[in-house]
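Residues per chain, in single letters:
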Amino acid sequence: MYRETQIVSDVAKTPLTGEGTFTINVGPQHPATHGVLHLVITLNGETILNIEPHLGYIHRSIEKMCESLTYRQFIYVTSRMDYLSAHINNHACALCVEKGMQIEIPSRAQVIRVLMDELTRIASHELWWGAMAMDVGAFTPFFHAFRERETINDIMEETCGARLTMNYMVPGGVMYDIHPNFQKRVKDFLQLYKRKIHEYDELVTGNIIFQNRMKGVGVLTAEDVISYGCTGPVARGSGVSSDIRKLYPYEIYDKLEFDEVLETAGDSFARYLIRLREMNQSIRIVEQLIDNIPEGDFQAKTKAVLKLPKGEFYQRVETARGELGVYIVSEGGTTPYRIKFRSPGFSNLSILNHMVKGSKIGDLIAAMGTLDLVIPDIDR
Amino acid sequence: MAFLKLIMFLKDYIKDVFGAIKSLATGMKRTGYYFTHHKEIITQQYPDNRETLHLPERFKGEVVMPHDENNEHRCTGCTACELACPNGTIKVVTKFDITPDGKKKKAIDKLVYHLELCTMCNLCIEACPSDAIKMAQTFEHSVFDRAQLTKVLNKPGSKIMDGVE
């Protein structure tokens, strides 16, 4: 009995107003919401009746801003959406412009791009792991996660010149060649990771308190996930195959050996395991590529002023959080007519109400942590 | 029957309790390892380690214009950086120099750089055809007044290097 979480099933029939119900606000300034997310929670005692996320606190109108920037300039803004997978956002935009211009990318640039993507994915999951443990009350794992993440950030700093908002992917390839130390430092990182990864399981995964807070909490069925449009680890935790790298391969992902990680339980613990095992798959990809970077140009020769032909272009990539879609409408000029980003965070947030309705308020933070929300990605 | 059920329950219960204690002890062992191994601590004491802090040469701190010992730079005033900048960070003010043979020649008067608007995207440096500007490795940019962040990159009295077109 002590292991089961009680979910109140007739919560839909309970009226949201009246005696016994009350409303509390979590955020917009709350450490557990990882940013300026504002949740209006209606409670009956400790049971959650309804959750209403309020957005707009960090809206910067990135989509509108992109309409006044040229096809070279607008890429840097997308680093500010999902700042933890900035490389992958830039990659999506660069791919979409290349699709419109029909630019052939040199194979060296392709390999460098995929390497950077996977390193970013590992860094993002590392940070999520630390923040997740902190959400449920364990503070030390955060520093263990940052030890490995810092190594990746140093690699990024050396090659791209920045730690978070790199702006390294440009239409036609990458901005400059990899640093001479790049391969050696990535190999050092791989060694460090393999030496230290068992600590993650010792500290958090096997911990009985952590397991009791995660297992059976925030259960999502495959139907829920599909109907809310969730992607990434949230969908894969419920057994829905949604890895864009496998389903719609871009760059060289169809030639690489890696597995799509799937779990069927659909609870918070399944989503936790997905991300941990996804890091190992990313390590596998990096290992395959790091010694096989082909010689050649790192950037294709492009015109100084890029002009996309009239039409509509769409490109989807797999970020650390799920599917990111970039949709460009061009009128044939130097700036896009309209840009729409389909961000993974927004769809993943929308399932939050369904996920924790009827649970206790103590489970809210633990369940929300497994969604891996990045608020600037939701608001844009 | 009821007795058997009780035995089964107790067995599971005790197994769970000991498993739980074991899992907590595993975590504490790891914590204790780092408590006793001080050499594996990698924290950097930032303001105290300024002297030994090395940033990689590609680090994007701020845009600077290198001058040689004769106070000469390589900027022709072509405004390629101004056009490439997404934020309007750079403003090139040009003037006309009169060359010794009496011809008018375009040159820069001031290259105004707004550090407060800059996002360090490196697009201006990519766009520059004569390598006149580059990124510096400074990062401690805080000042007391916002006006101090507006900088003029070319030094007073500087002129363009010979041979740069």
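Data block above holds the structure.
Residues numbered from 1 in each chain as written. Chains lettered and ligands numbered in written order. Predicted model: local features only at pLDDT ≥ 70, side-chain atom pairs only at ≥ 80, totals over all residues. Heavy atoms only, no water.

In this section: the interface of chain A and chain B. In this assembly, 32 residues from chain A lie in contact with 28 residues from chain B. Regarding the contact of chain A and chain B, the summed buried area is about 2,500 Å², with carbon and sulfur atoms giving 54% of it. Together, Gln73(A), Tyr76(A) and Glu202(A) form the three largest contributors to the area buried by chain A at its contact with chain B, with a combined 20%. Here chain A and chain B share two salt bridges between them. (Contact = heavy atoms within 4.5 Å. Buried area = accessible area lost by both parts, 1.4 Å probe. Salt bridge = Lys/Arg side-chain N within 4 Å of Asp/Glu carboxyl O.)

Turning our eyes to something else, we now look at helix H3 (residues 86-101) of chain A. Residue and element names in this part refer to chain A. Between its first and last C-alpha, H3 extends 23 Å over 16 residues, near the 22 Å set by a 1.5 Å rise per residue. Summarising burial for H3: 14 of the 16 residues are buried, a large majority. With its phi angle positive at about 55 degrees, glutamine 102 sits one or two positions after the end of H3. (Helix = DSSP H or I, 4+ residues; strand = E, 2+ residues; numbered from the N terminus. Expected span 1.5 Å × (residues − 1). Buried < 20%, exposed > 50% of the residue type's maximum accessible area, 1.4 Å probe, protein only.)

Bringing the packing of aromatic side chains into the picture now. Residue and element names in this part refer to chain A. All chains considered together, the criterion is met by 17 aromatic pairs over all chains. When the centroid spacing of 6.4 Å and the interplanar angle of 80 degrees are considered together, the rings of tyrosine 71 and phenylalanine 74 count as edge-to-face. Given a relative accessible area of 0%, tyrosine 71 falls into the buried group. One aromatic cluster in this structure is built from Trp128, Phe210, Phe269 and Tyr272. Lying over the aromatic face of tryptophan 128, arginine 275 brings its terminal NZ or CZ to 4.7 Å of the ring centre. (Phe/Tyr/Trp six-rings, centres within 6.5 Å; stacked < 30°, edge-to-face > 60°. Lys NZ or Arg CZ within 6 Å of the ring centre and 35° of its normal.)

Backbone-to-backbone hydrogen bonds pair the strands of a sheet. The strands run either parallel or antiparallel. Residue and element names in this part refer to chain A. Here three strands make up an open sheet; going across it, the order is S1-S2-S3 and the pairing antiparallel. Looking along the sheet, the strands with just one partner apiece sit at the ends: strand S1 (21-26) and strand S3 (47-54). In this sheet, adjacent strand axes meet at a mean angle of 20 degrees when their direction is disregarded. Here seven bridges tie strand S2 (residues 38-44) to S3, and the two strands are oriented antiparallel to one another. (Pairing = 2+ DSSP bridges. Axes fitted to C-alpha atoms, helices over the stretch in contact; angles between N-to-C directions.)

Approximately 1,100 Å³ is the volume found for the largest pocket. Taken together, 29 residues line the largest pocket, and the ones lying closest to its centre are Phe146(A), Glu150(A), Ile42(B), Thr43(B) and Gln44(B). For the lining of the largest pocket, the secondary structure elements donating two or more residues are helix H5 (140-160) and helix H6 (182-205) of chain A together with helix H1 (2-36) of chain B. If one sorts the elements of the lining of the largest pocket by residue count, H5(A) sits on top with ten residues. Here the lining of the largest pocket is built from residues that sort into 13 nonpolar, eight polar and eight charged. Quantified by volume, the second largest pocket comes out at close to 670 Å³. Along its surface, the second largest pocket is lined by 23 residues, and Arg72(A), Lys303(A), Ala304(A), Val305(A) and Ala127(B) are the ones closest to its centre. Mapped onto the lining of the second largest pocket, the elements with two or more residues apiece are helix H2 (80-84) and helix H3 (123-127) of chain B. Grouping the constituent residues of the lining of the second largest pocket by class yields 13 nonpolar, five polar and five charged. (1 Å grid on protein atoms, 1.4 Å probe; cavity = no way out; pocket = protein on both sides within 12 Å on 5 of 7 lines; lining within 4 Å. Points joined across faces, edges and corners; volume = space filled by probe spheres on them. Nonpolar A, V, L, I, M, F, W, Y, C, P; charged D, E, K, R; others polar.)

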